[in-house]
Amino acid sequence: MSSDSEQEDNNKTALRLQKQQFYSLVDKRLAEMKTTSKLPTETQYNEYLQLLRTWEPKAKRTKKDYRIEIKYCLVAGPDSAALRKKDSMQKVATYESVFDIIHSKHEKISHARDTRKNKAAVEEEFYGVTQDVIDIYLSVCPKCAGSTKVIKAAKLNPLKMIYSPSIGCRAQMDLIDMTSHETKDGFKWILVYVDHHCGFRHVAALKRKTAKECGDALIAILGVAVIPEILQSDNGKEFLGWCLKLIRK
Ligand SMILES: [Zn+2]
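The rules we used
- Per-chain numbering applies: the sequence of each chain, read as written, is numbered from 1 onward.
- The model is predicted, so local features are restricted to residues of pLDDT at least 70 and side-chain atom pairs to those at 80 or more, both for listing and for counting; the totals for chains, interfaces and linings are taken over all residues.
- Only DSSP runs of H or I with at least four residues qualify as helices, and only runs of E with at least two residues qualify as strands; both kinds are numbered from the N terminus onward.
- Think of it as a crowd count around each C-beta: if 20 or more other C-beta atoms lie within 10 Å the residue is buried, if 12 or fewer it is exposed, and in between it is partly exposed, with C-beta placed from the backbone throughout.
- Contacts here follow a simple rule: the backbone-placed C-beta atoms of the two residues must lie within 7 Å.
- By this definition, two strands are paired if DSSP reports at least two bridges between them.
- Axis definition: a line fitted to C-alpha atoms, over the contacting stretch in the case of helices. Angles run 0 to 180 degrees between N-to-C directions.
- Note that the term roughly parallel is reserved for angles under 35 degrees, roughly antiparallel for angles over 145, roughly perpendicular for angles of 65 to 115, and oblique for everything else.
- Should the near helix be turned counterclockwise from the far one by less than a right angle, the crossing is left-handed, whereas a clockwise turn marks it as right-handed.
- By this rule, a helix spans an expected 1.5 Å times one less than how many residues it contains.
- In these notes, a nonpolar core means any group of buried Ala, Val, Leu, Ile, Met, Phe, Trp, Tyr and Cys residues linked to one another through C-beta atoms within 7 Å.
- Every residue gets a pLDDT, meaning the predictor's confidence in that residue, from 0 to 100.
- Residues are grouped as follows: nonpolar covers Ala, Val, Leu, Ile, Met, Phe, Trp, Tyr, Cys and Pro; charged covers Asp, Glu, Lys and Arg; every other residue, Gly included, is treated as polar.
- Directions drawn from the helix axis to the C-beta atoms are what define this arc.

Caption draft 1: Structural detail: the overall build of the protein chain. Scanning the protein chain from N- to C-terminus turns up nine helices and eight strands. Within the protein chain, the fraction of its 249 residues that count as buried is 16%. Pairs at least 24 residues apart make up 54% of the contacts formed inside the protein chain by residues separated by at least 6 positions.

Caption draft 2: Spatial organisation of the pairing of strand S5 (residues 170–177). Bridge count for S5 against strand S8 (residues 230–232) is three bridges, and the pairing is parallel. Looking at S8, one finds that Gln-172 is bridged to Gln-232. Bridge count for S5 against strand S6 (residues 189–195) is seven bridges, and the pairing is antiparallel. Paired with Asp-177 across the strands is Trp-189, a residue of S6.

Caption draft 3: Seen up close, the pairing of S6. Judged by which residues are buried, S6 turns out to be one-sided: Trp-189, Leu-191, Tyr-193 and Asp-195 face inward and are buried, whereas Ile-190, Val-192 and Val-194, on the alternate face, are not. Here six bridges tie S6 to strand S7 (residues 201–206), and the two strands are oriented antiparallel to one another. Residue Val-192 lies in a different strand from S7, and its bridge partner there is Val-203. Hairpin remark: S6 followed by S7, antiparallel, with five residues in the connecting loop; positive phi at Gly-199, about 80 degrees.

Caption draft 4: A look at the packing of helix H5 (residues 115–123) against helix H6 (residues 131–140). At a minimum axis separation of 10 Å, H5 and H6 run at an interaxial angle of 115 degrees. For the element pair H5 / H6, the angle class is roughly perpendicular. Between H5 and H6 lies a crossing of right-handed hand. Across the interface between the two elements, Thr-115, Asn-118, Lys-119 and Val-122 from H5 touch Gln-131, Ile-134, Asp-135 and Leu-138 from H6.

Caption draft 5: Structural view of helix H8 (residues 211–224). With 14 residues, H8 extends 20 Å between its outermost C-alpha atoms, agreeing within 8% with the 20 Å of an ideal straight helix rising 1.5 Å per residue. For H8, the complete set of buried residues consists of Cys-214, Gly-215, Ala-217 and Leu-218.

Caption draft 6: Representation of unusual backbone geometry. Phi is positive for Asp-87, close to 75 degrees, though the residue is something other than glycine. Relative to the elements of secondary structure, Asp-87 occurs in the loop between strand S2 (83–85) and strand S3 (91–92).

Caption draft 7: How the structure looks around the sheet that holds S6. The sheet built from four strands is open, its strands ordered S7-S6-S5-S8 with mixed pairing. Because the sheet does not close on itself, it has two edges, and the strands there are S7 and S8. Adjacent strand axes in the sheet meet at a mean angle of 20 degrees, parallel and antiparallel pairs treated alike.

Caption draft 8: Main features of the environment of Arg-29. Mapping Arg-29 onto the fold places it in helix H1 (residues 3–32). In this structure, the C-alpha to C-alpha distance between Arg-29 and Ile-136, residues 107 residues apart in sequence, is 9.0 Å.

Caption draft 9: View of the nonpolar core. The biggest cluster of nonpolar side chains holds 16 residues, and the ones touching the most others in it are Val-98, Ile-102, Val-129 and Tyr-137. Taken together, the elements giving at least two residues each to this core come down to helix H4 (98–108) and H6. Examining the composition of this core, we find that five residues originate from one element, H6, more than from any other. Residues contacting Val-98, with those up to four places away along its chain left out, are Leu-39, Ala-93, Val-129 and Val-133.

Caption draft 10: View of the confidence of the model for the protein chain. Looking at the protein chain as a whole, its pLDDT mean stands at 84, while 89% of the residues score no less than 70. Under a pLDDT of 50 for its full length, residues 147–151 has, in the predicted model, one contact with residues more than four places off or in other chains.

Caption draft 11: The packing of H1 against H6, seen in detail. Interhelical geometry of H1 versus H6 gives an angle of 145 degrees and a closest axis separation of 9 Å. The interaxial crossing formed by H1 with H6 has right-handed handedness. Side by side, H1 and H6 meet where Gln-18, Gln-21, Phe-22, Leu-25, Val-26 and Arg-29 of the first sit next to Asp-132, Val-133, Ile-136, Tyr-137 and Val-140 of the second. Looking at the contact of H1 with H6 residue by residue, the class counts come to seven nonpolar, two polar and two charged.

Caption draft 12: Layout of H6. Where H6 is concerned, the buried positions are Val-133, Ile-134, Ile-136, Tyr-137 and Val-140. Projected down its long axis, H6 shows its buried positions confined to an angular sector of 155 degrees, all on one face. Buried-residue contacts for H6 involve H1, H4 and H5.

This is how it looks when you write it as structure tokens:
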């Protein structure tokens, strides 16, 4: 399997889990709410549709039927299989479709975490999605939710341990920001170079975190350390470009 389709599968699984979690929370919330604020199910939606299609003013109707007739209408034309909210002409969200509706709107507004923004985006097109339901969605969006959801995302895509069998296989480097403890002679960065196998480290004090200064310090370190097969960094700009050129020389 290529890594692309693997990634796609991971995304699908994540979305399915998110949806499951969403509906279990929504069900719990709906159980606490009054019946009137519930979203129609797909079945109810079709019943309403059927009712309005066959609506005759003189026929005998129940109170509930009238309530539906007051609230919803049908649109003419090719889209006539759709129920609309009277006046606003919004489409009507159903219980089954509400996750996908919020999900697509939420992605469109680039994961804005503000409930009102999400609600406004949904209401541009759909009727019946309450703030509660949007809040529940936001609480299960892996990108938006807090730390507990990060653990869930990590479970789906566990970190892989890197194993280095011997000294010199892999070394890692980074800069420690000491600007708040600048020395009298102007040193304020520590370049740390660690061998991944044994953890033996070299350090160098730097005055600036320029590529040139990092490169010079690294060359001094590499002069006494075992030259690593892989040298890892966070790809900060001070480690790229000029710094790499210096080392390659
Ligand atoms: Zn989000």
